[in-house]
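Chains, contacts and geometry: an overview
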Amino acid sequence: MRAEGIIGLLILALVTTGAFFNFFKQEAPVHEEGDNFLPSFTPYEHFLKSSEGMEGLMSIEGSTQFEQFVNGLDYPLEIHYVTTADDYILKVYRIPGKKGEAPSSYENRKRTPMFLQHGLLDSSDTFILNDEDKSIGFILANAGYDVWFGNVRGNKYCLQKTTSDYKDKDFWNFTWNEMANTDLPAMLSYVTDATKYEQVLYVGHSQGTVMVWAGASDPASRDLVNQKIKLFIALGPAPYIHHTSAKIVTIASDLHLSDVLGVFGIRYIFMPSPWGLIPDKLISILCKLSKMLCDAGFYLISDMDPSLLNNARAPIFMDHFPSGTSILNMDMWSQQARTGKFQKYDFGSKENEKRYGSKDPPAYDLSQVKIPTAMFVGTKDRLADAEDCEALRDKLEAAGKSLISYKEYDMGHLGFLLDKNITFWDDAMVIIEKYTPTTPSIE
């Protein structure tokens, strides 16, 4: 077995051990009828510079890293909570102004809403962890945009529903399909309501790109998603990953990890751990032990050439990554890799008949996507392989006129967030500025 395969198996073995440890240490949830875990404030009471008044929520989520980062660099910050149609509570961050800018200044100027959506096993933190002048979130804020950062069910910031939390086994019954047709519409609607703009400009990375293509195709959400997004910047686009060589996906797929863990009732992976070690801090610990181990981690996850990454920031990035998801969602990615298809979750023919009315899961119809889309592809991307991205490009061109730009760059999957050289973003800003409205759409 090749060296990276051995390291990959070791990581998955430790992850699995950590998952078992977490599982058997968890207390059974106790919820009384009528319990409500939603913070007790109205939707627009959101000007928070600390966690005062939210002790219960913070103790469950176990992380205020985004707040610490942003406040420490003197950017204005708001914290918002969005409740989905199926009662998940999503934590959404907002940087409404430039560095050091007072509300009296940014509230009196036009600010186009920009929505940033993270990828697989990630969180909103990912857009602010490079050097300040290389972090997309800060770049956009200092360019005058109203920057919103999404988080999805099951990551470290979104571990509650209105009447239950992550300790309930049913909490984890989701894949990126629910993120696409439920989480995304809820967050987009919230942002447009709050800003009085009819549309947002959207930047998605990895799973954050999948959410748009699925959400804009799914009959349950396509009208809203197509309507609410004015421009889609797709970084490391990943709806098709048949040629992926990212070990975190391929080994999980080859070992049928979801089936193995499912026997023990384990439904999550990389959960924030109260013990601070396995599973969510494993890669961070390896990264701090040596640069070689850190590079091996990046190589296994997504990047063919980790030397292109900003090594000084790598340990910081790994302090925030991974951020957790459901085993079911990881299995969804494994299915994508095995089948090479962009389709809903395959429950097996019998259950598919019940859910979909057919033995096979329905494919997403890309002809339904109406959003102007710019694809940014890394030729050294192990997760969203360039061959798969080229196939996606061809499908989009055949399906309609949504694709407005396709460019390839000498970078890996995480490079869009953590490269030393982010010249690709100059190209992105040219497109973004073209689609930036000069006045609000709603008065």
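Residues numbered from 1 in each chain as written. Predicted model: local features only at pLDDT ≥ 70, side-chain atom pairs only at ≥ 80, totals over all residues. Heavy atoms only, no water.

Below, the discussion takes up the overall build of the protein chain. Assigned secondary structure in the protein chain consists of 18 helices and 11 strands. In the protein chain, buried positions account for 57% of the 443 residues. Restricting to contacts in the protein chain with at least 6 residues of sequence separation, those with at least 24 account for 78%. With the model as given, the accessible surface of the protein chain reaches about 17,500 Å², and the carbon-plus-sulfur share is 52%. (Helix = DSSP H or I, 4+ residues; strand = E, 2+ residues; numbered from the N terminus. Buried < 20%, exposed > 50% of the residue type's maximum accessible area, 1.4 Å probe, protein only. Contact = heavy atoms within 4.5 Å. Areas by Shrake-Rupley, 256 points an atom, 1.4 Å probe, with all protein chains shown as cover.)

Here we take up the packing of aromatic side chains. Enumeration over the complete set of coordinates arrives at 26 aromatic pairs. Judged by centre distance (4.7 Å) and plane angle (35°), the rings of F342 and Y364 are tilted. Separated by 22 residues along the polypeptide, F342 in the loop between α14 (327-339) and α15 (349-356) and Y364 in the loop between α15 and β10 (373-378) bring together distant segments of the chain. Taken as a pair, F342 and Y364 share a single burial class, namely buried. (Phe/Tyr/Trp six-rings, centres within 6.5 Å; stacked < 30°, edge-to-face > 60°.)

Tracing the chain through its elements places N177 in helix α6 (residues 176-195). The residues contacting N177, other than those within four sequence positions of it, are D218, M332, K344 and Y364.

Every α-helix carries 3.6 residues per turn, so stepping three or four residues along brings you back to the same face. For α6, which comprises 20 residues, the first-to-last C-alpha distance of 26 Å matches the rise-based estimate of 28 Å (1.5 Å per residue) to within 8%. Across the 20 residues of α6, 16 count as buried, placing the element largely inside the fold. The backbone nitrogen of N177 has a side-chain oxygen 3.0 Å away, supplied by the residue at the start of α6, namely T175. Positive phi shows up at K196, right after α6, with a value of about 65°. (Expected span 1.5 Å × (residues − 1). Polar contact = N/O pair within 3.5 Å; in protein donor to acceptor, adjacent residues only side chain to side chain.)

This part covers the confidence of the model for the protein chain. For the protein chain, per-residue confidence averages 82 on the pLDDT scale, and 79% of positions sit at 70 or higher. Note on residues 14-63: pLDDT under 50 across the span, and 93 contacts to partners over four residues away in sequence or across chains. The low-confidence segment residues 275-279, where pLDDT is below 50, has 15 contacts with residues more than four positions distant or belonging to other chains. (pLDDT = per-residue confidence, 0-100.)

Turning to the nonpolar core, a few remarks are in order. Among the nonpolar cores identified, the biggest contains 122 residues, and L140, W213, F376, F424, W425 and I432 are the most heavily contacted of them. Aside from chain neighbours lying at most four places away, what touches I432 is M114, L140, Y145, L201, L231, I233 and W425. (Core = buried A, V, L, I, M, F, W, Y, C linked by side-chain atoms within 4.5 Å.)

Before going further, it helps to examine the environment of L188. Looking at the element boundaries, L188 is found in helix α6. With a relative accessible area of 0%, L188 lands in the buried category. Apart from residues no more than four positions distant in its own chain, L188 is found in contact with V200, L224, V225, K228 and I229.

Another aspect to go through is the packing of α6 against helix α7 (residues 207-215). Two numbers describe how α6 lies on α7: the axes approach to 8 Å, and their chain directions differ by 70°. Here α6 lies roughly perpendicular to α7, going by the angle between them. The handedness of the crossing between α6 and α7 comes out as right-handed. For the pair α6 and α7, the contacting residues are W176, M179, A180 and L184 in the first and Q207, V210, M211, V212, A214 and G215 in the second. Looking at the contact of α6 with α7, its residues break down into 8 nonpolar, 2 polar and no charged. (Axes fitted to C-alpha atoms, helices over the stretch in contact; angles between N-to-C directions. Parallel < 35°, antiparallel > 145°, perpendicular 65-115°, else oblique. Left-handed = near helix turned anticlockwise from the far one by under 90°. Nonpolar A, V, L, I, M, F, W, Y, C, P; charged D, E, K, R; others polar.)

A few words on the pattern of salt bridges. Scanning the model with the defined rule gives 17 salt bridges in all. Of the charged contacts, one joins K99 and E132 as a salt bridge, the two residues approaching to 3.2 Å between their closest N and O atoms. Here K99, found in the loop between β2 (88-95) and α4 (103-106), pairs with E132, found in the loop between β3 (113-117) and α5 (136-142); they are 33 residues apart in sequence, far enough to count as distant. Across the salt bridge formed by D183 and R153, the nearest N and O atoms sit 2.6 Å from each other. Of this pair, D183 sits in helix α6 while R153 sits in the loop between β4 (146-150) and β5 (160-161), and the two are 30 residues apart along the sequence. (Salt bridge = Lys/Arg side-chain N within 4 Å of Asp/Glu carboxyl O.)

Turning to unusual backbone geometry, a few remarks are in order. In the segment running from F321 into P322, the intervening peptide bond is cis, with an omega of 0°. As for its placement among the helices and strands, P322 is situated in the loop between α13 (314-320) and β9 (325-326). You will see that S206, though not glycine, has its phi angle at about 60°, which is positive. Mapped onto the elements, S206 comes out in the loop between β6 (200-205) and α7.

Once that is clear, we can look at the environment of S405. Relative to the assigned elements, S405 resides in strand β11 (residues 403-409). For S405, a relative accessible area of 15% corresponds to the buried category. Counting along the chain gives 172 residues from S405 to I233, while the straight-line C-alpha distance between them is 9.4 Å. Setting aside chain neighbours within four positions, we find S405 in contact with T373, A374, M375 and I431.

Time to look at the environment of T182. Structurally, T182 is set in helix α6. Judged by its relative accessible area of 16%, T182 falls in the buried class. The sequence separation of T182 and T83 amounts to 99 residues, and the corresponding C-alpha distance is 10.0 Å. Not counting the four nearest positions on each side in its chain, T182 is found in contact with T84, A85, D86 and R153.

Counting buried positions over the 6 residues of β10 gives 6, a clear majority of the element. Side-chain alternation along β10 places T373, M375 and V377 on one buried face and A374, F376 and G378 on a second face that is also buried. Of the strand pairs in this sheet, strand β7 (residues 229-235) and β10 are connected by 4 bridges, and their pairing is parallel. Bridge pairing links I233 to A374 in β10. (Pairing = 2+ DSSP bridges.)

A few words now on the pairing of β4. Side-chain positions along a regular strand alternate between the two faces of the sheet. Along β4, 5 of the 5 residues are buried, which leaves the element largely enclosed by surrounding structure. Burial along β4 is two-sided: D146, W148 and G150 and V147 and F149, pointing in opposite directions, are all buried. Here 3 bridges tie β2 to β4, and the two strands are oriented antiparallel to one another. Directly across from Y93, in β4, lies its bridge partner F149. Two elements, β3 and β4, share 5 bridges in a ladder whose sense is parallel. Residue pairing in the sheet places L116 in a bridge with F149 of β4. At this point the chain moves from β3, through α5, to the parallel β4, and the crossover so formed is right-handed. (Right-handed = clockwise from strand over helix to strand, strands pointing away.)

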